[in-house]
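Single-letter residue listing:
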Amino acid sequence: MPLSVRRSLLAGLSTSFLLAATGCGAGATTAGSTADLEPAPAAQRLDKVCPATVVVQADWEPEAEHGPIYNLVGPGYTVDTDKKRVTGPLVIGGKDTGVKIQVRAGGSAVGFQSPASEMYIDQSITLGMVTTDGAIQAAGKQPVTAVAALMKKSPQVLMWDPKTHPDWKTVADIGNSGAKVVYRDGEVFAPMLVAKGLIKKSQLDGSYDSSPSRFVADPSIAQQGFATAEPYIYEHEVAAWKKPVKFQLLSDVGYTVYPEALSVRTGALKKLSPCLKKLVPIIQQSAADFAAAPDTAVTLIDDIVKQYGTSWVYSKGTGQYAAKEMVKLGILGNEADGSIASFDKKRVTDSLKTFGPILAKSGVKIPAGLSADDLATNAFIDTKIGMK
């Protein structure tokens, strides 16, 4: 199961933590108007090369990890609370590119289908957020090619209670202890950790259901989580815990995927190329802008989470924490060439070598000769655009 099958985060929390819906039905709007926008310069005008509405299928419910994309949604946006979609002018630097952007929630809004699957069901979707292992899994029947990295590395972690385990510093320490590692069955990082000798197979417990109750009741375990969410939520929002946790990023120990990479159907790559040549640098700039000043996007995310009114629990405080941690931990950052949203092809190749066999063993048919060039391209990246 790829990372795109994410979490129903803390669904078991008391209703006092649930966010109440503020919209009903389709068509709720925000303050502001497209009339307030100046046109973007010619180099950033998309109206003659891109679809009238650039549609982005998210892999999960609205969250700060998607910030660079929500940062493109301008004022006067509308919220479809039935289909869980937000649509507004596609802006960069506060200026109108001449087209709209629609960001569609994943998770429950699409019956927990993968973005790659949704992209083939509905070909009006321009970009989908597909993690590298998900792209490998889809390559046989629903091939996608990533054109921009939404994040440089995965926020996926193993977390633990530092009071119970003051000697744990790394995943290897967890493996040496023999403690149970609670994760969601199907996550490819688990067999990877076993194959690398970091965790024993006997330690794996695939019963994780996203609720904090197991960890709170038994702090002897290690548990999967996200550096951008659980450390804040457990310390500030889980009433029965309210203290820090420690973690190690799985990207530090071989989980080399690009999470939620912005991807197109491989067969549509040529047709979309004129659009992507202008759109991808705009996405890069939006990512750099979000890293420097995330408040606008985090506020939008908070608004639409409230309006959607689903069981997804995501506070503005979590979003603010996530945005800061993404930069601090290098989850959102420049590649070695100084550009943001580009791909290190060696990492993509490493992911294919690592996770291809794991997925094949689970029954996934992987096309012969599948390569990093099939999974990701830097053809549209502007190497001059990066975080300052």
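Residues numbered from 1 in each chain as written. Predicted model: local features only at pLDDT ≥ 70, side-chain atom pairs only at ≥ 80, totals over all residues. Heavy atoms only, no water.

1. Description of the overall build of the protein chain
When helices and strands are tallied, the protein chain shows twelve helices and 14 strands. The C-alpha atoms of the protein chain give 20 Å as radius of gyration, which agrees with the globular expectation for 388 residues (21 Å, within 12%). Taking the principal axes of its C-alpha atoms as reference, the protein chain extends roughly 60 × 50 × 40 Å. The proportion of buried residues among the 388 residues of the protein chain is 57%. As displayed, the protein chain offers around 15200 Å² of accessible surface, 53% of which is attributable to carbon and sulfur atoms. In the protein chain, the 41 positive side-chain charges and the 38 negative ones have mean positions that sit 4 Å from each other. (Helix = DSSP H or I, 4+ residues; strand = E, 2+ residues; numbered from the N terminus. Rg over C-alpha atoms; globule rule 2.2 N^0.38 Å. Buried < 20%, exposed > 50% of the residue type's maximum accessible area, 1.4 Å probe, protein only. Areas by Shrake-Rupley, 256 points an atom, 1.4 Å probe, with all protein chains shown as cover. Lys, Arg positive; Asp, Glu negative; His and termini not counted. Charge placed at Lys NZ, Arg CZ, Asp CG, Glu CD.)

2. A closer look at the layout of surface pockets
The volume enclosed by the largest pocket comes to roughly 400 Å³. At the level of elements, α5 (189–195) and α11 (345–361) are the ones that each hand at least two residues to the lining of the largest pocket. Its residues assigned to classes, the lining of the largest pocket comprises nine nonpolar, two polar and four charged. (1 Å grid on protein atoms, 1.4 Å probe; cavity = no way out; pocket = protein on both sides within 12 Å on 5 of 7 lines; lining within 4 Å. Points joined across faces, edges and corners; volume = space filled by probe spheres on them. Nonpolar A, V, L, I, M, F, W, Y, C, P; charged D, E, K, R; others polar.)

3. Some remarks on the nonpolar core
By size, the foremost hydrophobic cluster in this structure holds 77 residues, and its most contacted members are Ile69, Val86, Leu90 and Leu279. Counting residues per element, this core draws most heavily on helix α8 (residues 269–292), at eleven residues. In this structure isoleucine 69 touches Val56, Ile101, Val103, Met129, Leu150, Leu262 and Ile283, once residues within four positions along its chain are discounted. Counting 45 residues, the second-largest nonpolar core is a separate cluster that includes Leu158, Val171, Ala222 and Ala372. (Core = buried A, V, L, I, M, F, W, Y, C linked by side-chain atoms within 4.5 Å. Contact = heavy atoms within 4.5 Å.)

4. Digging into the side chain of threonine 126
Within the fold, threonine 126 resides in the loop between α2 (115–121) and β7 (127–130). Sequence-distant contacts of threonine 126, that is, excluding residues within four places in its chain, are made with Pro51, Thr53, Val54, Val55, Ser263, Val264 and Leu272.

5. Some thoughts on the sheet that holds strand β9 (residues 156–160)
One key point about sheets: their strands pair by backbone hydrogen bonds, in either a parallel or an antiparallel sense. Judged by pairing direction, the sheet is mixed, and its five strands sit side by side in the order β11-β10-β12-β9-β13 without closing on themselves. Because the sheet does not close on itself, it has two edges, and the strands there are β11 (204–205) and β13 (246–249). (Pairing = 2+ DSSP bridges.)

6. Structural notes on the state of the cysteines
Considering all chains together, one arrives at one disulfide under this definition. Disulfide pairing is shown between cysteine 50 and cysteine 275; the S-S distance is 2.0 Å. Because the sign of the S-S torsion sets the handedness, a value of about 95° for the bond joining cysteine 50 and cysteine 275 places this disulfide among the right-handed ones. Placement of the pair is cysteine 50 in the loop between β2 (38–39) and β3 (53–57) and cysteine 275 in helix α8, with a sequence separation of 225 residues. Each member of the pair, cysteine 50 as well as cysteine 275, carries the same accessibility label: buried. (Disulfide = S-S within 2.5 Å.)

7. Quick look at the packing of helix α9 (residues 295–308) against helix α10 (residues 316–328)
Two numbers describe how α9 lies on α10: the axes approach to 9 Å, and their chain directions differ by 150°. For the pair α9 and α10, the sense of crossing is right-handed. Where α9 abuts α10, its residues Val298, Thr299 and Asp302 lie against Lys316, Gly319, Gln320 and Ala323. Across the contact of α9 with α10, the residue classes break down as two nonpolar, three polar and two charged. (Axes fitted to C-alpha atoms, helices over the stretch in contact; angles between N-to-C directions. Left-handed = near helix turned anticlockwise from the far one by under 90°.)

8. With respect to the pairing of strand β8 (residues 144–148)
Among the five residues of β8, five are classified as buried, and the element is accordingly described as predominantly covered. Relative to strand β14 (residues 261–265), β8 is paired through four bridges, and the arrangement is antiparallel. When the bridges of β14 are listed, alanine 148 appears paired with leucine 262.

9. Side note on the pattern of salt bridges
Any two side chains of opposite charge can pair, so long as their charged atoms come close to each other. A complete count under the given rule lists nine salt bridges for this structure. Two residues, lysine 345 and aspartate 373, come together in a salt bridge whose shortest N-O distance is 2.7 Å. Of this pair, lysine 345 sits in helix α11 while aspartate 373 is found in helix α12 (residues 372–375), placing the two residues 28 residues apart along the sequence. Judged by relative accessible area, which is 26%, lysine 345 ranks as partly exposed. According to the relative accessible area criterion, aspartate 373 is exposed, its value standing at 55%. (Salt bridge = Lys/Arg side-chain N within 4 Å of Asp/Glu carboxyl O.)

10. Things to note about the confidence of the model for the protein chain
Mean pLDDT over the protein chain works out to 93, with 91% of the residues at or above the 70 mark. Here residues 1–24 scores under 50 on pLDDT; set against residues more than four positions off or in separate chains, the count is 76 contacts. (pLDDT = per-residue confidence, 0-100.)

11. A short note on the environment of tryptophan 60
On the secondary structure map, tryptophan 60 appears in the loop between β3 and α1 (67–70). A relative accessible area of 3% means that tryptophan 60 is categorised as buried. Distance from tryptophan 60 to phenylalanine 355, taken between C-alpha atoms, is 22 Å for residues 295 residues apart in sequence.

12. So, unusual backbone geometry
Unusually for a residue other than glycine, lysine 84 sits at a positive phi of about 60°. As for its position among the elements, lysine 84 is in the loop between β4 (78–80) and β5 (85–92). One non-glycine residue, glutamate 260, adopts positive backbone phi at about 55°. As for its position among the elements, glutamate 260 is in the loop between β13 and β14. Given a relative accessible area of 0%, glutamate 260 falls into the buried group.

13. What to know about the pairing of β9
Taking burial as the measure, the five residues of β9 include five buried ones, the bulk of the element. Here β9 shows two buried faces, one formed by Gln156, Leu158 and Trp160 and the other by Val157 and Met159. Pairing analysis gives four bridges linking β9 to strand β12 (residues 222–226), with the strands arranged antiparallel. Counterpart to methionine 159 in the pairing with β12 is glutamine 223.

14. Some thoughts on the environment of lysine 169
Structurally, lysine 169 is set in the loop between β9 and α4 (171–177). Taking the C-alpha atoms as reference, lysine 169 lies 8.2 Å from lysine 246; in sequence the two are 77 residues apart.

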